[in-house]
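Chain and residue survey
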Amino acid sequence: MGEKSECCKCSGCQNYKECCAVYEGCECCVRCDQCEGCECCGCCECCECCGRKNRCCGWWSMFFVIDYVTCVVLLIVAVALKYLWEPYRMYVPTVNITVAEVDSTGAVHNVEKTIDIAQDRMYPAVPEALPTVVAGVVFGVVAVVVWAAAQLVLLPLSRRKWSVVHDLHNCALGMAESVSLLLCVVDILKPFAGRYRPRYLQIAAEAETSEDEWEGRVSYPSGHSGTAFSAMFFTTLYLLGKLRVFSRSGVLVVGSFLRVILAMLPTFGAFLCAITRTRDYMHNFSDINAGAIIGMLCATAAYHTVYPTLTSLDSQMPRSRAADSSEAAHKKDEGDGSPALQSLV
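Residues numbered from 1 in each chain as written. Predicted model: local features only at pLDDT ≥ 70, side-chain atom pairs only at ≥ 80, totals over all residues. Heavy atoms only, no water.

For the protein chain, the count of helices and strands is twelve helices and two strands. Listing the helices and strands of the protein chain from first to last along the sequence gives α-α-α-β-β-α-α-α-α-α-α-α-α-α. Out of the 345 residues in the protein chain, the part that is buried amounts to 45%. Taking all contacts inside the protein chain whose residues are at least 6 apart in sequence as the whole, residues at least 24 apart take part in 68%. (Helix = DSSP H or I, 4+ residues; strand = E, 2+ residues; numbered from the N terminus. Buried < 20%, exposed > 50% of the residue type's maximum accessible area, 1.4 Å probe, protein only. Contact = heavy atoms within 4.5 Å.)

Put into structure tokens, the structure is as follows:
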């Protein structure tokens, strides 16, 4: 590390190099994603010298509004598709057989009957182990408990402190993005596939309206499984980031495997939820597998819009849109030929 420059006003910064002739030379400026919680900044003074105060001193951006509106639109589309799009009616193989029946007079008659030989539709109706509302409440409680534990246990132990409000916002937004995207995708695929549920015949027999009968033809992919994985796999990624399991810090994290196990617990719960749908004869195993894959893809995409990659040096820190836009603008102003940019190559 170099001598502390006069322009670096941050008395607590221990990561400065020959600070701050160019902002890339100031380690504390490069690493400071937001003012709240930065151990080297009282009021982002260390960044004033390189003109990057805006990068440090705010995480909110109006671009977040676009994300919220997108989530609402996805939910509206999902609900509309659920009630307006009649599922595709798949062909069901049948066979004609002749059976002997005895009438009221004792006479025997041969009667032809059409028999449904699609055995995967004939399972009985049993009570659901985890109804939709119960599943939503359970996963919501798990997500809140995990977030609260991160603030109460991990935040005091972290070498860099994040803003609780910033982290709550990013966690909630990321979860909303993951679940809303999943619901929209699933509600497009369900009626398009039109696969019969294992207990379709029971559903059809008890249906009072055509919409009730539609519910028996939306088995693929599983909405319960997809929603469970979109929420709980996002929670697993959140824990992996907060625990810095894969952070490329150059130092082996103590108890890394134990941390992986702890982080995987929410996803294990999602597996249990998905399997209950086969025990209730609401889905086949291929249905829940598809839901799980879609849910994890949605969770992964949503997570990386609000948190850095798991291998980041500061994987525990919530991303700041204001910081990202300010950094991009500053690099653009510097130009391709600037010494600052050349130092990064």
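Still more ground to cover, so stick around.
What follows deals with the pattern of salt bridges. All told, the structure shown has eight salt bridges when counted by the stated rule. With a closest N to O distance of 3.5 Å, E213 and R89 form a salt bridge. Taken together, the residues E213 in helix α7 (residues 210-214) and R89 in the loop between α3 (63-84) and β1 (94-102) connect sequence positions 124 residues apart. Given the relative accessible area of 13%, E213 is considered buried. For E215, the salt bridge identified is with R197, shortest N-O distance 2.7 Å. Of this pair, E215 sits in the loop between α7 and α8 (223-243) while R197 sits in the loop between α5 (164-193) and α6 (200-206), and the two are 18 residues apart along the sequence. When salt bridges with common partners are traced through the structure, they connect E86, R89, E213 and R217 into a single cluster. (Salt bridge = Lys/Arg side-chain N within 4 Å of Asp/Glu carboxyl O.)

This part takes up unusual backbone geometry. Most peptide bonds are trans, and most residues other than glycine sit at a negative phi. For the bond from Y220 to P221, the omega torsion is -10°, close enough to zero to count as cis. Residue R244 is not a glycine yet carries a positive backbone phi of 55°. Mapped onto the fold, R244 is located in the loop between α8 and α9 (256-279). Here R244 falls in the buried class, since its relative accessible area comes to 18%. For Y281, which is not a glycine, the phi torsion comes out positive at approximately 60°. Relative to the helices and strands, Y281 is located in the loop between α9 and α10 (285-306). Here Y281 falls in the partly exposed class, since its relative accessible area comes to 28%.

On the surface, a nonpolar cluster with roughly 610 Å² of combined accessible area is contributed by W60, M62, V65, Y68, V69, V73 and V77. When you line up the elements, Y68 lands in helix α3. For Y68, a relative accessible area of 35% translates into the label partly exposed. (Patch = residues over 30% accessible without salt bridge, like charges linked within 9 Å, V, L, I, M, F, W, Y side chains within 5 Å. Areas by Shrake-Rupley, 256 points an atom, 1.4 Å probe, with all protein chains shown as cover.)

Moving on: the packing of aromatic side chains. On inspection of all chains with the given rule, the structure shows nine aromatic pairs. Relative to Y307, the ring of Y238 has its centre 5.7 Å away and its plane inclined at 75°; by these criteria the two rings are edge-to-face. Linking Y238 in helix α8 with Y307 in the loop between α10 and α11 (321-334), this pair joins segments that are 69 residues apart in sequence. Each ring, one from Y303 and one from Y307, has its centre 5.2 Å from the other, and the planes form 20°; the classification is stacked. Like Y307, Y303 is buried. Here a set of aromatic residues connected by ring pairs shows up, and it is made of F234, Y238, Y303 and Y307. The residue whose ring lies beneath K242 is W162, and the NZ or CZ to ring-centre distance is 4.4 Å. (Phe/Tyr/Trp six-rings, centres within 6.5 Å; stacked < 30°, edge-to-face > 60°. Lys NZ or Arg CZ within 6 Å of the ring centre and 35° of its normal.)

Take K242: it is sitting in helix α8. Among the residues examined, K242 registers a relative accessible area of 6% and is labelled buried. At a separation of 2.7 Å, a polar atom in the side chain of K242 contacts the main-chain carbonyl oxygen of Q316. Setting aside chain neighbours within four positions, we find K242 in contact with A150, L154, W162, D167, Y307 and Q316. (Polar contact = N/O pair within 3.5 Å; in protein donor to acceptor, adjacent residues only side chain to side chain.)

This part covers the environment of T300. Tracing the chain through its elements places T300 in helix α10. Separated by 122 residues in sequence, T300 and S178 place their C-alpha atoms 8.1 Å apart. With residues up to four places along the chain from it excluded, the contact list for T300 reads F233 and L237.

Time to look at the confidence of the model for the protein chain. This prediction gives the protein chain a mean pLDDT of 78; 70% of its residues lie at or above 70. Looking at the elements of the protein chain, mean pLDDT is at its lowest for helix α12 (residues 339-342), recorded as 36, and at its highest for α10, recorded as 97. The low-confidence segment residues 1-56 (pLDDT under 50) makes 118 contacts with residues lying over four places distant or belonging to another chain. (pLDDT = per-residue confidence, 0-100.)

A few words now on the packing of α5 against α10. Contact geometry for α5 and α10: axes closest at 8 Å, N-to-C directions at 145°. Two packed elements cross with a definite hand, and for α5 against α10 that hand is right-handed. Counted together, N170, L173, G174, E177, S178, L181, L182, V185 and L189 of α5 and I294, G295, C298, A299, A302, T305 and V306 of α10 form the full contact between these two elements. Considered class by class, the residues forming the contact of α5 with α10 number ten nonpolar, five polar and one charged. (Axes fitted to C-alpha atoms, helices over the stretch in contact; angles between N-to-C directions. Left-handed = near helix turned anticlockwise from the far one by under 90°. Nonpolar A, V, L, I, M, F, W, Y, C, P; charged D, E, K, R; others polar.)

Take the nonpolar core next. F139, C171, M175, F234, Y238, Y303 and Y307 are the most contacted members of the largest nonpolar core, which totals 40 residues. Breaking this core down by element, the ones donating at least two residues are α4 (132-157), α5, α8, α9 and α10. Sorting elements by how many residues they give to this core places α8 first, with eleven residues. Once you skip the residues sitting within four places of it in the chain, Y307 turns out to touch D167, N170, C171, Y238, K242, M317, P318 and R319. (Core = buried A, V, L, I, M, F, W, Y, C linked by side-chain atoms within 4.5 Å.)

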